[in-house]
Amino acid sequence: MRSYMIAGNWKMNKTPAEAVELAKAIVPMANAANCEVMIAPSFVCLPGVMDAVKGSKLIVAAQNMANEEEGAFTGETSVLMLKDLGVKMVVLGHSERRHVYGETNEVINEKVKLALKHGLRVDLCVGELLEEREAGKAEEVCFEQLEKGLAGLSKKDMSNIVIAYEPVWAIGTGKTATPDDAEAIHGSCRKKIAQLFDNEVAENTIIQYGGSVKPENVKDLMAMKNIDGGLIGGASLKADSFEALVNFNK
Ligand code: PGA
């Protein structure tokens with residue numbers, strides 16, 4: 001059976017010193033939680049954070065990585081560098097990577113395969129823009145991102161994949177999808193995964209919701225059958241609000 005995963009996507013926030021301080025505050029929460037807990041600090045914060053969480057249950061992820069292992073790729077960070085630090089997970093295809101930095105499904109798929117090849121878990125983000133939702137295309141967009149993002153993966157690979165459904169119009173805007181709206185897409189995405197792989201894979205895949213998750217709405221979202229956790233930006237940046245999210249089921 002799948003578990004819940006509550007994840008903090010710190011985006012371009014926190015200096016290395018601030019990141020270590022926040023990670024240290026989250027360690028006891030993660031150790032006491034009855035769900036998986038993950039944080040994704042920026043690249044430069046990873047070495048200090050890895051040290052700070054050593055021996056704990058807290059999972060540390062990178063927010064992105066290159067689609068090549070090494071070479072002349074100025075400004076990029078390799079899976080080999082992440083592995084060397086002991087990083088075990090990477091967030092890929094976040095909407096800010098797709099829409100601000102123009103990452104395509106094809107590039108994201110290369111990254112997904114490279115991460116898996118090196119034994120990293122992947123948190124693959126999918127989600128529609130407001131105009132796509134208004135045009136009735138939310139499912140279609142998510143299906144395409146799933147199909148192309150997961151292309152070439154085996155059923156076994158899928159045990160290292162977490163999906164985050166993040167409607168782009170709900171990210172950082174304070175607008176959350178209603179639990180019913182989110183559940184509808186989560187259910188459809190799970191069916192799509194069953195089609196692409198099989199029912200067992202679909203039932204075992206964690207599908208997080210992301211987009212203005214906060215202490216006030218976390219319980220209602222997590223109560224939905226197909227919502228298995230959250231990928232959280234704003235509310236993950238303070239220890240007390242993140243603690244309320246991690247403890248949603250206590
Ligand atoms: P938010 O960000 O919680 O600030 O809306 C979520 C995300 O982008 O992962």
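Reading guide: rules and limits
Residues numbered from 1 in each chain as written. Predicted model: local features only at pLDDT ≥ 70, side-chain atom pairs only at ≥ 80, totals over all residues. Heavy atoms only, no water. Near = heavy atom within 4 Å. Polar contact = N/O pair within 3.5 Å; in protein donor to acceptor, adjacent residues only side chain to side chain. Areas by Shrake-Rupley, 256 points an atom, 1.4 Å probe, with all protein chains shown as cover. 1 Å grid on protein atoms, 1.4 Å probe; cavity = no way out; pocket = protein on both sides within 12 Å on 5 of 7 lines; lining within 4 Å. Sits in = over half its atoms within 2 Å of the grid points. Nonpolar A, V, L, I, M, F, W, Y, C, P; charged D, E, K, R; others polar. Helix = DSSP H or I, 4+ residues; strand = E, 2+ residues; numbered from the N terminus. Buried < 20%, exposed > 50% of the residue type's maximum accessible area, 1.4 Å probe, protein only. Lys, Arg positive; Asp, Glu negative; His and termini not counted. Salt bridge = Lys/Arg side-chain N within 4 Å of Asp/Glu carboxyl O. Contact = heavy atoms within 4.5 Å. Pairing = 2+ DSSP bridges. Axes fitted to C-alpha atoms, helices over the stretch in contact; angles between N-to-C directions. Expected span 1.5 Å × (residues − 1). Right-handed = clockwise from strand over helix to strand, strands pointing away.

K.L.:
Before we move on, can you summarise the site of the ligand with the specific residues and values?
P.N.:
Not every one of the 13 residues close to the ligand is listed here, only the nearest: Lys11, His94, Glu166, Gly172 and Ser212. Side-chain polar atom of His94 to an oxygen atom of the ligand: 2.7 Å apart, as the coordinates give it. Between an oxygen atom of the ligand and a side-chain N or O atom of Glu166, the distance comes to 2.7 Å. Burial of the ligand by the surrounding chains reaches 96%, relative to a free accessible area of 280 Å². Put simply, the ligand lies in the second largest pocket. Here the shell around the ligand is built from residues that sort into four nonpolar, seven polar and two charged.

K.L.:
Which residues make up the side chain of Glu166, and what are the values?
P.N.:
Within the secondary structure, Glu166 sits in the loop between strand E6 (161–165) and helix H8 (179–196). At 6.2 Å, Lys11 is the nearest oppositely charged side chain to Glu166, a buried residue that forms no salt bridge. Not counting chain neighbours up to four residues away, the residues in contact with Glu166 comprise His94, Cys125, Val126, Gly127, Glu128, Ile171, Gly210, Gly211 and Leu231.

K.L.:
Report on the sheet that holds strand E4 (residues 89–92), specifying residues and quantitative values.
P.N.:
The eight strands lie next to each other as E1-E2-E3-E4-E5-E6-E7-E8, forming a closed barrel whose pairing is parallel. Taking each pair of neighbouring strands and ignoring which way they run, the sheet shows an average axis angle of 25°. In this structure, strand E1 (residues 5–9) lies alongside strand E8 (residues 229–232), joined through four bridges in parallel fashion. Looking at E8, one finds that Met5 is bridged to Gly229. Contacting E6 and strand E7 (207–210), H8 crosses the sheet at an angle of about 145° to E7.

K.L.:
Give me the environment of Glu144: which residues, what numbers.
P.N.:
Here Glu144 shows up in helix H7 (residues 138–149). Along the chain, Glu144 and Lys192 lie 48 residues apart, while their C-alpha atoms are 9.9 Å from each other. Not counting residues within four places of it along the chain, the set of residues in contact with Glu144 comprises Asn105 and Gly149.

K.L.:
How would you explain H8 if you had to name every residue and give the values?
P.N.:
Taking 1.5 Å of rise per residue, 18 residues should cover 26 Å, and H8 covers 25 Å from first to last C-alpha, within 8% of that figure. By the burial criterion, the buried members of H8 are Ala182, Glu183, Ile185, His186, Gly187, Ser188, Cys189, Arg190, Lys192, Ile193 and Ala194.

K.L.:
How would you summarise the pairing of E4 if you had to cite specific residues and measurements?
P.N.:
The alternating pattern of E4 places Met89 and Val91 on one face and Val90 and Leu92 on the opposite face, and all of these are buried. Looking at chain direction, strand E3 (residues 59–62) and E4 are connected through two bridges and run parallel. Paired with Ala62 across the strands is Val90, a residue of E4. Viewed along the sheet, the connection from E3 through helix H3 (residues 79–85) into E4 turns out right-handed. Here E4 runs beside strand E5 (residues 121–126); their pairing, made up of four bridges, is parallel. Among the inter-strand pairings, Leu92 is bridged to a residue of E5, identified as Leu124.

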